[in-house]
Amino acid sequence: MTALIGLIALVVVALVGWAIAEAKYKALPFTHSEEEAKEAEELDEIAKARNYQEMNIRDIMRTNSTKGFDAV
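Cut-offs used in this document
- Residues numbered from 1 in each chain as written.
- Predicted model: local features only at pLDDT ≥ 70, side-chain atom pairs only at ≥ 80, totals over all residues.
- Heavy atoms only, no water.
- Salt bridge = Lys/Arg side-chain N within 4 Å of Asp/Glu carboxyl O.
- Helix = DSSP H or I, 4+ residues; strand = E, 2+ residues; numbered from the N terminus.
- Buried < 20%, exposed > 50% of the residue type's maximum accessible area, 1.4 Å probe, protein only.
- Patch = residues over 30% accessible without salt bridge, like charges linked within 9 Å, V, L, I, M, F, W, Y side chains within 5 Å.
- Areas by Shrake-Rupley, 256 points an atom, 1.4 Å probe, with all protein chains shown as cover.
- Lys, Arg positive; Asp, Glu negative; His and termini not counted.
- Charge placed at Lys NZ, Arg CZ, Asp CG, Glu CD.
- pLDDT = per-residue confidence, 0-100.
- Polar contact = N/O pair within 3.5 Å; in protein donor to acceptor, adjacent residues only side chain to side chain.

## Looking at the pattern of salt bridges
Argument step 1. If you walk through the whole model with that rule in mind, you get one salt bridge.
Argument step 2. Notably, a salt bridge pairs Asp 59 with Arg 62, separated by 3.1 Å at the nearest N-O pair. Here the residue Asp 59 and the residue Arg 62 both occupy positions in helix H3 (residues 57–63), the gap between them amounting to three residues, near one helical turn.
Argument step 3. Given a relative accessible area of 25%, Asp 59 falls into the partly exposed group.

Okay, here's the thing in structure tokens:
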């Protein structure tokens, strides 16, 4: 019987926590900071310089350092 009460208490605590998280998410609006907006503009400029083409795996491996500890 005590295991059933513990299970019910666990479910109640989980539901209350979930309700608080959902209320907090809806009550506090998310806005980007000035620094994040500036970084997004820089990334957009980089994308424009590359004609908005995504890099494939070969391009990434050409520009990526995969030396591990030897890179330091």
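What follows picks up the thread again.
## Digging into a nonpolar patch on the surface
Argument step 1. On the surface, Met 1, Leu 4, Ile 5, Leu 7, Ile 8, Leu 10, Val 11, Val 12, Leu 15, Val 16, Trp 18 and Ile 20 cluster together into a nonpolar patch covering about 1,300 Å² of accessible area.
Argument step 2. Summarising the element assignment, Val 11 is placed in helix H1 (residues 2–27).
Argument step 3. Take Val 11: its relative accessible area is 41%, and that puts it in the partly exposed class.

## Side note on a negative patch on the surface
Argument step 1. Together, Glu 35, Glu 36, Glu 39, Glu 41, Glu 42, Asp 44 and Glu 45 give the surface a local cluster of negative charge.
Argument step 2. By the element assignment, Glu 41 lies in helix H2 (residues 34–49).
Argument step 3. Residue classification places Glu 41 among the exposed positions, given a relative accessible area of 51%.

## Remarks on the confidence of the model for the protein chain
Argument step 1. Scored by pLDDT, the protein chain comes out at a mean of 87, with 93% of its residues at no less than 70.
Argument step 2. Highest mean pLDDT in the protein chain belongs to H1 (95); lowest belongs to H3 (85).

## Observations concerning the environment of Asn 56
Argument step 1. If you trace the backbone, Asn 56 turns up in the loop between H2 and H3.
Argument step 2. Residue class for Asn 56 comes out partly exposed when judged on its relative accessible area of 40%.
Argument step 3. A polar side-chain atom of Asn 56 sits 3.2 Å from the main-chain amide nitrogen of Arg 58.
Argument step 4. Of the polar contacts made by the side chain of Asn 56, one reaches the backbone nitrogen of Asp 59; its length is 2.9 Å.

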